[in-house]
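Now for the letters of each chain:
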Amino acid sequence: MGEIGHLSGGDNVLEREGYAVSAGFSLGLFALDALGFMDTSVGRLCQYVHGKEIHNVMDGTPINVDVTAPGAIIALGLIFLKTESKVMMSRLSIPHTDFDLQYVRPDFIMLRVIALNLIMWSRVHPSNDWIQSQIPEIIKNGVKGLSDEVGDDDEMDAEAFVQAYVHIVAGACISLFEVF
């Protein structure tokens with residue numbers, strides 16, 4: 001788990017992000033079905049996802065959530081695979097407010113959808129209705145309300161809604177691929 005939040009030794013952030021994702025897969029696969037072993041680590045992984053004032057244990061420097069969140073999300077999805085855990089479902093929830101939508105990157109929303117569906121495995125169904133059920137109402141309404149005449153302030157909101165919508169649908173489709 002320490003490798004997900006490990007500081008980069010160089011300037012290559014993309015390399016560091018890939019390393020953190022690999023560490024997340026490794027941790028998730030290692031801890032698969034070993035929830036008792038991982039109880040103490042789940043809180044730390046959730047901090048890596050949400051970025052609540054966390055700092056590196058070794059030297060006190062802030063941890064870059066843009067790097068740590070993907071690996072932590074994947075690890076949590078694999079650790080809680082098929083558990084139907086409501087607690088993890090709430091911790092990895094998809095944004096339901098405008099503020100949260102601006103705060104969470106669209107690619108992280110997609111990873112959250114995938115992780116949630118790994119956790120809630122038995123609820124995945126290959127239907128358009130199921131895919132639509134993955135999309136929160138605020139995002140559905142935001143996409144429906146788009147018009148050709150969008151101001152500068154509204155343009156940013158419109159982009160957030162569209163990106164979230166596309167990433168949620170993509171995450172749902174990937175989930176279908178995993179289950180079926």
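Scope of this entry: the structure provided in the associated data block.

### Looking at the overall build of the protein
- Broken down by element type, the protein carries nine helices and zero strands.
- Counting from the amino terminus, the protein carries its helices and strands in the arrangement α-α-α-α-α-α-α-α-α.
- Expressed as a percentage of its 180 residues, the buried residues of the protein come to 42%.
- Excluding contacts between residues fewer than 6 apart, the proportion of contacts in the protein whose partners are at least 24 apart in sequence is 72%.

### Thoughts on the pattern of salt bridges
- On inspection of all chains with the given rule, the structure shows four salt bridges.
- Three or more residues are tied together by salt bridges with common partners; here these are Asp 66, Arg 105 and Asp 107.

### Concerning the side chain of Asn 117
- Inspection of the secondary structure assignment puts Asn 117 in helix 6 (residues 106–119).
- Among all residues touching Asn 117, those that are not within four sequence positions of it are Val 124, Trp 130, Gln 134 and Ser 175.

### Let's talk about the packing of aromatic side chains
- Applying the stated criterion across every chain, the model contains one aromatic pair.
- Measuring from ring centre to ring centre gives 6.4 Å for Phe 99 and Tyr 103, while their planes differ by 5 degrees; the resulting arrangement is stacked. Here Phe 99 and its partner Tyr 103 are both found in helix 5 (residues 98–103), four residues apart, which amounts to about one turn of the helix.
- A residue is classified by how much of its surface remains accessible, and Phe 99, at 63% relative accessible area, is exposed.
- Across from the ring centre of Trp 121, 4.8 Å away, lies the NZ or CZ of Lys 82, which sits over that ring.

### Comments concerning unusual backbone geometry
- The phi angle at Lys 82 is positive, at roughly 60 degrees, despite the residue not being glycine.
- Tracing the backbone through its elements, the reader meets Lys 82 in the loop between helix 3 (65–79) and helix 4 (86–91).
- The backbone of Glu 84 shows a phi angle near 60 degrees, a positive value even though the residue is not glycine.
- Within the secondary structure, Glu 84 is located in the loop between helix 3 and helix 4.
- Look at Glu 84 and you get partly exposed, because its relative accessible area is 23%.

### Observations concerning a nonpolar patch on the surface
- Judged by side-chain polarity, Phe 25, Leu 29 and Leu 32 come together as a nonpolar surface patch covering roughly 270 Å² of accessible area.
- Within the fold, Leu 29 resides in helix 1 (residues 13–30).

### Looking at the environment of Ala 72
- Note that Ala 72 resides in helix 3.
- Among all residues touching Ala 72, those that are not within four sequence positions of it are Ile 4, Leu 45, Tyr 48 and Val 49.

### Some thoughts on the side chain of Thr 68
- In this fold, Thr 68 is placed in helix 3.
- Beyond its immediate chain neighbours, meaning those up to four positions away, Thr 68 contacts Ile 4, Gly 5, Tyr 48 and Ile 63.

### Regarding the nonpolar core
- With 41 residues, the main nonpolar core has Leu 45, Ile 73, Leu 76, Met 88 and Leu 92 as its most contacted residues.
- Where this core is concerned, the elements lending two or more residues are helix 1, helix 2 (35–50), helix 3, helix 6 and helix 9 (152–179).
- For this core, the leading source of residues is helix 6, giving ten residues.
- Those residues within four positions of Leu 92 in sequence are excluded, and the remaining contacts are Val 49, Ile 73, Leu 76, Arg 112, Ala 115, Leu 116 and Ile 119.
- Counting residues in each nonpolar core, the second largest holds five residues, with Val 124, Ile 131, Ala 172 and Leu 176 among its members.

### Focus: helix 6
- With 14 residues, helix 6 should reach 20 Å at 1.5 Å per residue; the first-to-last C-alpha distance of 20 Å fits that figure.
- Of all 14 residues that make up helix 6, 13 are buried, and the element is covered over most of its length.

Scoring rules and cut-offs
- Residues numbered from 1 in each chain as written.
- Predicted model: local features only at pLDDT ≥ 70, side-chain atom pairs only at ≥ 80, totals over all residues.
- Heavy atoms only, no water.
- Helix = DSSP H or I, 4+ residues; strand = E, 2+ residues; numbered from the N terminus.
- Buried < 20%, exposed > 50% of the residue type's maximum accessible area, 1.4 Å probe, protein only.
- Contact = heavy atoms within 4.5 Å.
- Salt bridge = Lys/Arg side-chain N within 4 Å of Asp/Glu carboxyl O.
- Phe/Tyr/Trp six-rings, centres within 6.5 Å; stacked < 30°, edge-to-face > 60°.
- Lys NZ or Arg CZ within 6 Å of the ring centre and 35° of its normal.
- Patch = residues over 30% accessible without salt bridge, like charges linked within 9 Å, V, L, I, M, F, W, Y side chains within 5 Å.
- Areas by Shrake-Rupley, 256 points an atom, 1.4 Å probe, with all protein chains shown as cover.
- Core = buried A, V, L, I, M, F, W, Y, C linked by side-chain atoms within 4.5 Å.
- Expected span 1.5 Å × (residues − 1).

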